[in-house]
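Inside the fold
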Amino acid sequence: MLKRYYIATYGCQMNVYDSEVLAGHLESMGYHAASSEDEADVLIINTCAVRKKAEEKVFSRLGTIRELKKSRPQMIVALWGCMAQRETVVQRIKRRFKFVDLVSGPNALERFPALLEKAATAKETVFDLDHAGGKESLPIKRAEGFKAWIPISHGCNNYCSYCVVPYVRGPEISRLPENIINEVDELANCGFKEITLLGQNVNSYGKDLKQKIDFADLLLHLDHRLINRSDNPPRIRFMTSHPKDLSEKSVRVIAEGRNICEHIHLPIQSGSDELLKKMNRGYTRDYYLGLVDMIREAIPGSSITTDLIVGFPGENEEDFALTIDLMAKVRFDAAFIFAYSPRQGTRAAGMPGQVAAKIKKKRIVQLNELQNRIGLEKNQGLVGSIQEVLVEGQSKTNKNMFTGRTRTNKIVHFPSAADCLGEFIDIRIEEARGWNLIGAIDRRN
Ligand code: SF4
């Protein structure tokens, strides 16, 4: 009988990649993808622990799955990923969700087939919370499409005081360059049009390797390699860049690279030095402003996006005014603004001066208003320009409307009578909005 699996993925792109590896394992074990969890023999919930809300969503989903498991007791339920690595979660599973068959952290990918076998016969929940684990040469079943993601490192050493990632994903481990290169080659051979290099901090790539290689060397090598092998090489993107480790050498490589997208996601988190110190970010606002100047001088027309946290413990009106000021000075292309959410086990969760929810809300609104105005003004500057767009979506309500992204990661909507999904198309920008652009086809490449 056909055995089926279903994987529900929460959180970041790294989790999407891990789910593709889990799917690869399952397919090589003879399983096929199910269209819903109702028909799955193996159901995996791949979780995110960065925000409390994401965790609560998973617990409420487990409540529904409990009923499903009652009607299909032979189904194996696995809780995978970052949440599973948290002690409070483990305790809650042991107390209230005993029906879960397997609980495993993100670093057990290599051990998944053995864990699944064990969970199938075990009388109690099987736990694997070991940080150690290889992640090379694993089977992978990539989602269909033309965009792919490749981790260049796993884990993080930075211990920002608000973040659980170093605790749940373990210390930073760079992948060997030859394995990354092989994977990129494979993707290019399969016709992928855009490859994103992933890491919690791509800029510290290579620091733990014996061979002398850094992120700039890796980027340069991949760019040359892809250009030399094809007339239509895939674009290269990367994320996330930590400001303290972004080097001038990397910026130069991005500036000179032919197929490296001119977009840097550079989370600032706060405009106040006092708070940056409490966050353990390792840079000051002046250092960050200097980086922005360096990027804009080296790569004119590049886009810089950011993440900001409002309501970090101790954030007063003065600190917040400094964040507003920084946003006005940098003029980000886009900013993702989050209210600080305390995560148990992090240093910030125990800091004095927790900010009231209504103040956080007010500050988010204020920052969003400013960013929307800046985003619109920046996008208006693109009206009349021609932008190369990789087409990645078709409107569900109008099959003649498509959506793509510029090299600078701006979203562009445009009409096309012909199906152009996965193509690079030059679009003439005709109208600007705060978070996207509207245009018309100028030339198909
Ligand atoms: S750099 Fe900081 S915010 Fe990013 S994953 Fe590491 S600890 Fe978390």
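Residues numbered from 1 in each chain as written. Predicted model: local features only at pLDDT ≥ 70, side-chain atom pairs only at ≥ 80, totals over all residues.

Summing up its helical and strand segments, the chain has 12 helices and 19 strands in all. A principal-axis box enclosing the C-alpha atoms of the chain has dimensions of 65 × 55 × 50 Å. The contacts in the chain between residues at least 6 apart in sequence include a share of 73% that link residues at least 24 apart. (Helix = DSSP H or I, 4+ residues; strand = E, 2+ residues; numbered from the N terminus. Contact = placed C-beta atoms within 7 Å.)

Here the focus is the sheet that holds strand β12 (residues 263-265). Consider a sheet: its strands pair through backbone hydrogen bonds, and that pairing is either parallel or antiparallel. Spatially, β12-β13-β14 is the arrangement adopted by the 3 strands of the open sheet, whose pairing is parallel. Of all strands in the sheet, those with a lone pairing partner are β12 and β14 (334-339), marking the two edges. This sheet shows a mean twist of 15 degrees between the axes of neighbouring strands, independent of strand direction. Judged from the 3 bridges that link them, β12 and strand β13 (residues 303-310) form a sheet pairing that is parallel. Following the sheet pairing, I264 is matched in β13 by I304. (Pairing = 2+ DSSP bridges. Axes fitted to C-alpha atoms, helices over the stretch in contact; angles between N-to-C directions.)

Since the α-helix advances by 3.6 residues per turn, residues separated by three or four positions end up pointing in the same direction. Taking 1.5 Å per residue as the helical rise, helix α7 (residues 215-229) with its 15 residues ought to reach 21 Å, and the 21 Å between its terminal C-alpha atoms agrees with that figure. Next to the buried residues of α7 lie α6 (177-189), β11 (235-239) and α8 (248-256). (Expected span 1.5 Å × (residues − 1).)

Near the ligand you find C156, N158, Y159, C160, C163, V165, P166, Q200, N201 and H242, and these make up its full shell. Of the residues belonging to the shell around the ligand, the class tally is 6 nonpolar, 4 polar and no charged. (Near = placed C-beta within 6 Å. Nonpolar A, V, L, I, M, F, W, Y, C, P; charged D, E, K, R; others polar.)

Time to look at the nonpolar core. Counting 98 residues, the largest nonpolar core has L79 and I150 as the members making the most contacts within it. Sorting elements by how many residues they give to this core places α7 first, with 6 residues. Excluding residues within four positions of it along the chain, L79 makes contact with I45, T47, A84, I93, V100 and V103. In this structure, V391, F402, F414 and I425 belong to the second largest nonpolar core, which totals 10 residues. (Core = buried A, V, L, I, M, F, W, Y, C linked by C-beta atoms within 7 Å. Buried ≥ 20, exposed ≤ 12 C-beta atoms within 10 Å, placed from the backbone.)

We note that the domain assignment places domain 1 (3-128), domain 2 (145-155 + 165-261), domain 3 (263-380) and domain 4 (386-444) within the chain. Each of domain 1 and domain 2 has a C-alpha centre, and these two points are 29 Å apart. Between domain 1 and domain 2, the residue contacts involve 11 residues of the former and 7 residues of the latter. Among the residues forming the side of domain 1 that touches domain 2, the class breakdown is 6 nonpolar, 4 polar and 1 charged. (Domains from an automatic or database assignment.)

Pairing of strand β15 (residues 386-394) with strand β16 (residues 401-406), which is carried by 5 bridges, proceeds in the antiparallel orientation. Looking at β16, one finds that L390 is bridged to R405. Here β15 folds back onto β16 in antiparallel fashion, the turn holding 6 residues. In this sheet, strand β17 (residues 411-415) lies alongside β16 in antiparallel orientation, the contact comprising 5 bridges. Bridge assignment links M401 to a residue of β17, and that residue is P415. Hairpin connection between β16 and β17: a loop of 4 residues separates the two successive antiparallel strands, and N409 in this loop has a positive phi of roughly 70 degrees.

With that out of the way, let us pick up the packing of helix α11 (residues 317-330) against helix α12 (residues 357-380). Interaxial distance between α11 and α12 falls to 10 Å at its minimum, and their mutual angle equals 15 degrees. Relative to α12, the element α11 is oriented roughly parallel. Classified by chirality, the crossing of α12 by α11 is right-handed. From α11, F320, T323, I324, M327 and A328 reach across to α12, where they touch R363, Q366, L367, L370 and Q371. For the contact of α11 with α12, the residue count by class is 6 nonpolar, 3 polar and 1 charged. (Parallel < 35°, antiparallel > 145°, perpendicular 65-115°, else oblique. Left-handed = near helix turned anticlockwise from the far one by under 90°.)

Moving on to unusual backbone geometry. Note that the residue after M239, namely T240, is joined by a cis bond; omega there is 10 degrees. For T240, the location among the structural elements is in the loop between β11 and α8. Despite not being glycine, N409 has its phi angle at roughly 70 degrees, a positive value. Note that N409 resides in the loop between β16 and β17. Classification of N409 by C-beta neighbours within 10 Å gives partly exposed; the count is 17.

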